[in-house]
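Structural description and commentary
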Amino acid sequence: MTTETDKNSFDFEQYRIMRERSIGRLLWRMKRYMESFVEPRLHQQGFTDFKMSYLMFLANIGERGTTNNELAKRACVTKQMMSKIVGLLEADGYIYTQKNPADSRSSVIFLNDRGKELFMALKDSMQQARDQFDAIVGHDRMDQVIDTLLELVTVLEADNPTNSE
């Protein structure tokens, strides 16, 4: 039970330091920054209906296509949510679907030309962001950040494959 004395001894400076260095908070802030950096650049290039949240779906579509169920699993969403997103992305012209030759009850999802053009524009925007990061911390340090994050997610996802892409 917290006493009045305990409440008065709370160290806000320690809390501020802890919050400032919180990995979850830092990753969230970087995600927000990347969204605000990339999305407007894509809109300027004609992808005005694109939202960065669509990326976790589009990025999991393979060259040979991907089923709705597999895409839902990779994006960690329900099949129903995936079906809704597939409908939106298809209506916006980023993907197309074909009946699955192995299972007529399902469809295979493919990137269409607009989806591929989006990834080319995304590559350019991401490179602009990387150039900015390199200018701040240096190319080698940024490579270390990327290598470290890649190692972390690779090991963590191997330990818990339900949370992997």
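Just above sits the structure.
Described below are features of the structure shown in this document. What you are looking at is a predicted structure, and each value in this text was computed from that prediction instead of being measured.

**Describing the packing of aromatic side chains**
- In total, this model carries 8 aromatic pairs according to the counting rule given.
- Each ring, one from phenylalanine 10 and one from phenylalanine 12, has its centre 4.7 Å from the other, and the planes form 75°; the classification is edge-to-face.
- For phenylalanine 10, a relative accessible area of 44% corresponds to the partly exposed category.
- Accessibility expressed as a relative area gives 61% for phenylalanine 12, which makes it exposed.
- Measuring from centroid to centroid gives 6.0 Å for phenylalanine 50 and tyrosine 94, while their planes differ by 70°, and the two rings are edge-to-face. Of this pair, phenylalanine 50 sits in the loop between α3 (23–44) and α4 (55–58) while tyrosine 94 sits in the loop between α6 (79–91) and β2 (95–100); the two residues are 44 residues apart in sequence, bridging distant segments of the chain. Each member of the pair, phenylalanine 50 as well as tyrosine 94, carries the same accessibility label: buried.

Thresholds, definitions, all that
Residues numbered from 1 in each chain as written. Predicted model: local features only at pLDDT ≥ 70, side-chain atom pairs only at ≥ 80, totals over all residues. Heavy atoms only, no water. Phe/Tyr/Trp six-rings, centres within 6.5 Å; stacked < 30°, edge-to-face > 60°. Buried < 20%, exposed > 50% of the residue type's maximum accessible area, 1.4 Å probe, protein only. Helix = DSSP H or I, 4+ residues; strand = E, 2+ residues; numbered from the N terminus.

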